[in-house]
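Topology and contacts: notes
Spelled out from the first residue to the last, the chains are:
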Amino acid sequence: MRHQLFIGGRFLNAESGATLATLNPHDNSVIADVAMAGRADVDKAVTAARRALPAWRRLSGAERGRILMRLADLIEKNSEDLALLESLDTGHPLRDSRNLDVPRTASCFRYFGGMADKLHGDVVPVDAGFLNYVQREPLGVVGQIVPWNFPLMFTSWKMGPALAAGNCVVLKPSEITPLSALKIAELLSEAGLPDGVVNVLPGLGSEAGQAISEHPDISKVSFTGSTATGRRIVNASSGNLKKLQLELGGKGANIVFEDADLAAAVNGSAWAIFHNQGQACIAGSRLMLHERIADAFLDKFVSLARSIKLGNPLDASTEMGPLTSSLHRDRVLSYVDIARSEGGELVMGGHPPRAEELSRGCYVEPTVVRARSWRDRVAQEEVFGPFVTVLTFKDDAEALEIANGTDYALGSGLWTTNLRRAHQMAQALEAGMVWINSYKRVSPGSPFGGFGQSGYGRDMGFEAMREYTQVKSVWVNVDAQIPPWYPR
């Protein structure tokens, strides 16, 4: 288990010697004491990345791609170790880490490995006698700051397109869940990545994250996390006008119309909110039900939620594990009191499980709240837990008003058998992603991101590759005769 900073191809202690215990959220026991980077370590990592940059950007896209492909193979070879680390550190049920997180991580690196030699420019028709071509060049050294909810997958979402496009990386995993990112650093070296191309620095956001955001030699910061932190990064980045990509908060509307396939919608809606204990920016945390089917739907939904098995994430039968930290568990539970104060009805949950074997962990039972109004705090603010707010609507127009009635615009979903309604709603919903008769589907080839307070820029897809490049326009005089009036 790696617990030091990864800089210039080596695992090192922090310059200050600082460490922080990473805890198992099942029982809050210490897994490891992990080095915490400070400003001096960020400087050292950026220096290593700048030193590696010229050779890495000159390497052919095909060769960069081969390294990413080898990494994907190594992730699959080490899948059990990675799944165990992820479940220990985050509380993800082991079956999800095995069947979702690890395969998706390998798939994403493999996708961008295949894209590395497919980033092309354009030839632009211009004045006679001139050739104008446009090429895309890597930005240089990029900073990447990832959250604690899907730390393994985010290594591929962030590193994959950046490395494929020829950039070098300084990545800061969350201080709460750093272990899988450090394991990926080890596998990158084994895959043949040159020293310094990737540097991994666990650290506090207020120290290492701030230093990355301000650093004058970092050309871009890609951040996933809260909207409040995103605003601070915007301010910190102004020194050298670095490029930003921000994937921020969400309050996903999950709309069930009266003509929906009820069984499919119930199962999909439970997945939308309870997968990963609701700790997902795209979670379907606002469950919007047509008033005609609301009671029947809710009966089935609550019955399903009560059947979810909470338990030790390392137990193969566990369906929902603990939240990732005690601090976050307490924040999620505070919204139960907020809901009650706003006149909402607690339908189920709203407290830790009563089982003795779970009493030392960060567990919260699946929680369903029926809100009095779609303007209530529990229907507007991101709770980020197994906490779903139920709202009702009478027609399509009201559904759209409620769905678009938040500052967030990341993901939305809808359930209907009416094809015309499905496409009309998908066009009218203010969200960067819309799912029809499904929820939370992702693919390396499909862009991921939102509008408004949910940020800007995209992870994944070819859009992510483009966002890790800058455009250069080159003019060539191909006419042997230079006109006499042409400026010399």
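Each chain carries its own residue numbering, running from 1 in the direction its sequence is written. It should be noted that, the model being predicted, local features are given only for residues of pLDDT at least 70 and side-chain atom pairs only at 80 or more, the latter also being counted only at that level, while totals for whole chains, interfaces and linings use all residues. As a convention, hydrogens and water are excluded, and side-chain values are obtained from all of the structure's heavy atoms.

**Brief notes about the overall build of the chain**
Starting at the N terminus, helices and strands are each numbered in turn, a helix being any DSSP run of H or I of at least four residues and a strand any DSSP run of E of at least two. A tally of helices and strands in the chain yields 14 helices and 22 strands. Throughout, the radius of gyration refers to the C-alpha atoms, and the reference size of a globule is 2.2 Å times the residue count to the power 0.38. For 488 residues, the compact-globule estimate of 2.2 N^0.38 gives 23 Å, and the chain sits close to it at 24 Å. Dimensions along the principal axes, computed over C-alpha positions, put the chain at roughly 80 × 55 × 40 Å. By residue count, 57% of the 488 residues in the chain fall in the buried class. Long-range pairs, those at least 24 residues apart, make up 74% of the contacts in the chain between residues at least 6 apart in sequence. Here's how the labels work: a residue is buried when its accessible area is under 20% of the maximum for its type, exposed when over 50%, partly exposed in between, all with a 1.4 Å probe on protein chains only. By definition, residues are in contact when any of their heavy atoms lie within 4.5 Å.

**Quick notes on the sheet that holds strand β12 (residues 253-256)**
Across a sheet, paired strands are connected by hydrogen bonds in the backbone, their directions being either parallel or antiparallel. A sheet is described by the order of its strands in space; here seven strands give the open sequence β14-β15-β16-β13-β12-β18-β19, paired in mixed fashion. What marks the edges here is a single partner per strand, and that holds for β14 (345-348) and β19 (433-436). In this sheet, neighbouring strand axes are inclined to one another by 25 degrees on average, regardless of whether the strands run parallel or antiparallel. Two strands qualify as a pair provided DSSP detects at least 2 bridges between them. Examined bridge by bridge, β12 and strand β18 (residues 411-415) share four bridges and lie parallel to one another. Note on method: axes are straight lines fitted to C-alpha atoms, helices fitted across the in-contact stretch only, with angles between N-to-C directions ranging 0 to 180 degrees.

**Some thoughts on helix α13 (residues 419-428)**
Turning to α13, its buried residues are R421, A422 and M425. Each buried residue of α13 lies within a common arc of 100 degrees when the element is viewed along its axis, so the set occupies one face. For α13, the exposed residues set more than 90 degrees away from the buried face come down to L419, R420, Q424 and Q427. Next to the buried residues of α13 lie β12, α12 (396-403), β18 and β19. With a side-chain oxygen lying 3.1 Å from the backbone nitrogen of R420, the N-terminal cap of α13 falls on N418. For this quantity, the arc is that covered by the directions from the helix axis to the C-beta atoms. The term polar contact refers here to a pair of N or O atoms within 3.5 Å; inside protein, the definition further demands a hydrogen-donor-capable atom paired with an acceptor-capable atom, and it admits residues adjacent in sequence only when both atoms are side-chain atoms.

These values are about where atoms sit, not about what they do.
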